[in-house]
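Next come the chains, spelled out residue by residue.
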Amino acid sequence: AAEPVAAAMEAEGPGERWAPVGAVSAAEEEEEEEEEEEEVEGSWRRLRAERRRLQAALLALGSHFAQVQFRLRQVARAAPAEQRRLLRELEEFAFRGCAGPAPSEREKQEQTEVQKEKQRELILQLKTQLDDLETFAYQEGSYDSLPQSVVMERQRMIINELINKLDMDLSEDVATLSPEELRQRVDAAIAQIVNPARVKEQLVEQLKTQIRDLEMFISFIQDEVGSSGKVEDGHCECGGKNDGGGSSKPNPRPSGSRVSPEDARKMRETGLHLMRRVLAVLQIFAVSQFGCAAGQVPRSLWQKDQASRDYSPLIRKLELAVERVRQLAVRHQREDHVVGCPDLQDVPSGGRDELTLAVRKELTIALRDLMAHGLYASSQGMSLVLAPIACLIPSFTASPQAMHPWELFVKYYNAKNGQAFVESPARKLSQSFALPVTGGAAVTPKQSLLTAIHTVLAEHDPFKRSADSELKALVCLALNEQRLVSWVNLICKSGALVQSHYQPWSYMANTGFEGALNVLSRLSNLKFHLPVDLAVRQLKNIKDAF
């Protein structure tokens, strides 16, 4: 067994020897000695600090004991009248305790840090309790405004979005910047966005000026061609006009300025060729500089205000309004009196009873907001010359103009020739003699809608009432005739109106207004007698008085 061990030691060489078992290297010994020295030094520091505290406590105790002795001596030598007071003071002094040693600077700093930490924890706890209290009060309804934490969170979100949109450099801490420095940085970020837009507006104005000059030139060419008339044998047939005496007025244009048909054709071709070249140059410039082309609708036209596309709150608002009107109507019918009232004398406070207010202020407004979702006024078009640069002109690149739902009913009335239908002689005679114009046939929803719109226009337009007032009158009239669903359905089924006035993401275009019609149908079996001319009744009375 010893031979393999000896062979292994010879293979390792004479310079390599293993350390004895249990031996410790010099580095490890040094580390252990350093650790022991550090422990000893720490122990000495603690002992010295403890010694200082003991000395200070002993000194304080000795001083306190000396003061007690001194006061006892005073009591022993004092007069009997003063001894009671001195004994009371000695008792208070003895039970007061010894004054502690004065803390060192390090202890003072540690105490200050501990106190600051406690203050921070207390402030955080108070903020949390205040937020909880505001949230609870807001949820209970006794606190109108949102909790401060929610407001600050939304403000922080808005500020972050503005920083991202404006591409502001706020790598430094905002707290270290002065208000003037922050204002300068915001102005610089806004200028980076506004200045290119101003340059673009100036360029658009220059292009519009050139386009106007081009149109004037084309008009001049057309006037030259049109004034030439028919030229035969060098004479113009339209140059003079015969009066009653047979004399003729000579053409004021000199004979040398007459244009032959060939020259007129060449001028026309030259003008058209020049117009095509200018339009081509404008088209290339618009595409290269602004990224738009003829017939292209700017993408920002429909992407503005993405949050307004959610129509679920509008549906909920309509449901609440319909439910309130239905409850009021059922309650009125249970009380066995007429729902609403048509006469001024029967309407409390000028006709503004609870049911009438619910219909006009809640139901009509909810229906108006839902029908106005995605509703816009279609543009009147643009000239052929302006078409290639339509995306450069602010009037065509801005958001579409909003449109009131009442205007949609008026457009339907005009498209169906409502005035001609209502003012036909047969209908006028039937109204005068109270005879049915249809010969006993039922009145269709279309006919009743055209008649209702004409009635509202005839009563409200002379007094310049608002679109809201006219829509409220139409809704009251529809409820009285139990045709609210059928009249609104006629507007929804009018494809021309929906396609030309509703955006693709609107509630009307997406759902066909089916959900809202189902909600409104809850009022179809109820009978109403609501005032229709409530907005103009006082004005009519004043007019009749004079």
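Residues numbered from 1 in each chain as written. Predicted model: local features only at pLDDT ≥ 70, side-chain atom pairs only at ≥ 80, totals over all residues. Heavy atoms only, no water.

As a reminder, the rule being used: UniProt positions are given in the numbering used here, feature names are shortened, and annotations may be inferred rather than shown by experiment.
If you check an unreviewed UniProt entry, the chain appears there as RUN domain-containing protein 1 from Centropus bengalensis. Its UniProt record gives the chain a comment under Function (unreviewed entry), which states: "May play a role as p53/TP53 inhibitor and thus may have oncogenic activity."

## Some details on the pattern of salt bridges
Note the threshold: Counted as salt bridges are all cases of a side-chain nitrogen of Lys or Arg within 4 Å of a carboxyl oxygen of Asp or Glu. In this description a helix means any DSSP run of H or I spanning at least four residues, a strand means any run of E spanning at least two, and both kinds are numbered starting from the N terminus. For each residue, the accessible area found with a 1.4 Å probe, counting protein chains only, is set against the maximum for its type, and the residue is called buried under 20%, exposed over 50%, and partly exposed in between.
One pass over the structure, following the stated rule, counts 18 salt bridges. Here Arg45 makes a salt bridge to Glu41, at a shortest N to O gap of 3.9 Å. Of the two residues, Arg45 and Glu41 both sit in helix 2 (residues 26-77), four residues apart, roughly one turn of that helix. In this structure Arg45 comes out as partly exposed when scored by relative accessible area, which is 48%. Residue Arg85 is joined to Glu82 by a salt bridge in which the shortest nitrogen-to-oxygen separation is 2.6 Å. Residue Arg85 and its partner Glu82 are both found in helix 3 (residues 80-96); the two are separated by three residues, about one turn of the helix.

## Regarding a nonpolar patch on the surface
In plain terms, the rule: Without a salt bridge and with relative accessible area above 30%, a residue can belong to a patch; like charges are then joined within 9 Å and nonpolar side chains (Val, Leu, Ile, Met, Phe, Trp, Tyr) within 5 Å. Using the Shrake-Rupley algorithm and a 1.4 Å probe, accessible areas are obtained, with residue cover drawn only from the displayed protein chains.
Together, Val40, Trp44 and Leu47 make up a nonpolar patch on the protein surface, roughly 330 Å² of accessible area in all. Tracing the backbone shows Trp44 in helix 2.

## Here's the deal with the confidence of the model for the chain
Stated precisely, the cut-off is as follows: Note: pLDDT gives the predictor's confidence per residue, expressed from 0 to 100. Note on definitions: a residue-residue contact is assigned when non-hydrogen atoms from the two residues lie within 4.5 Å.
Per-residue pLDDT for the chain has a mean of 75; in total, 69% of the residues score no lower than 70. Contacts from residues 11-16, a stretch scored under 50 in pLDDT, to residues over four places away or in other chains number one contact. Note on residues 336-352: pLDDT under 50 across the span, and 32 contacts to partners over four residues away in sequence or across chains.

## Overview of the packing of aromatic side chains
Both the distance between ring centres and the angle between the ring planes are used here to describe each pair of aromatic rings. Convention followed: Note on ring pairs: Phe, Tyr and Trp rings are taken, using the six-membered ring of Trp, and paired if centres are within 6.5 Å. Classes follow the plane angle, with under 30 degrees stacked, over 60 edge-to-face and the rest tilted. Both a distance and an angle decide whether a charge sits over a ring: NZ of Lys or CZ of Arg must be within 6 Å of the ring centre and within 35 degrees of the ring normal.
According to the stated counting rule, one finds three aromatic pairs in the structure shown. Arranged with centres 5.5 Å apart and planes meeting at 70°, the rings of Tyr507 and Phe513 form a pair that is edge-to-face. Taking the relative accessible area as the measure of exposure, Tyr507 reaches 3% and is therefore buried. The exposure class of Phe513 is buried, given its relative accessible area of 0%. Of the aromatic side chains, those joined through ring pairs into one cluster are Tyr311, Tyr507 and Phe513. Above the plane of the ring of Phe93 lies Arg71, whose end atom (NZ or CZ) is 4.6 Å from the centre.

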